[in-house]
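Geometric and topological summary
Each chain is listed here by its residues.
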Amino acid sequence: MSERAAPFHCPYCGEEDLHPAEQGHGAWECRSCNRAFQLRFLGLLARGLRTETREGGIS
């Protein structure tokens, strides 16, 4: 299992003064704008990855 991913900036104010919150997994607090938010992984997309073809187009 890997370490939990940390956001680089607050999605509301853009500041970097973030700290893990006590509300649960993926919860963060921004001390600059006094907001709390939660991040979570929803899953993989069904369409998969897009790759470039030899002709330079996208498949």
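Residues numbered from 1 in each chain as written. Predicted model: local features only at pLDDT ≥ 70, side-chain atom pairs only at ≥ 80, totals over all residues. Heavy atoms only, no water.

All right, on to the sheet that holds strand β1 (residues 18–20) then. Here we have three strands laid out as an open sheet, ordered β1-β2-β3, and antiparallel in their pairing. Two strands bound the open sheet, and with one partner strand each, they are β1 and β3 (35–38). Sheet twist, expressed as the mean angle between neighbouring strand axes with direction ignored, is 30 degrees. Where strand β2 (residues 27–30) meets β3, four bridges bridge the pair, whose relative direction is antiparallel. Counterpart to A27 in the pairing with β3 is Q38. (Pairing = 2+ DSSP bridges. Helix = DSSP H or I, 4+ residues; strand = E, 2+ residues; numbered from the N terminus. Axes fitted to C-alpha atoms, helices over the stretch in contact; angles between N-to-C directions.)

A word on the nonpolar core. Counting residues in hydrophobic clusters, the biggest one holds five residues: C10, L18, W28, C30 and F37. Ignoring any residue separated from it by four or fewer positions in sequence, one finds C30 in contact with C10, C13, D17, L18 and R35. (Core = buried A, V, L, I, M, F, W, Y, C linked by side-chain atoms within 4.5 Å. Buried < 20%, exposed > 50% of the residue type's maximum accessible area, 1.4 Å probe, protein only. Contact = heavy atoms within 4.5 Å.)

Below, the discussion takes up the environment of F37. Its place among the elements puts F37 in strand β3. Among the residues examined, F37 registers a relative accessible area of 8% and is labelled buried. Sequence-wise, F37 and P20 are 17 residues apart; in three dimensions their C-alpha atoms are separated by 9.9 Å. Sequence-distant contacts of F37, defined by excluding residues within four places in its chain, comprise P7, C10, P11, Y12, L18, G26, A27 and W28.

Nothing here speaks to function; it is geometry throughout.
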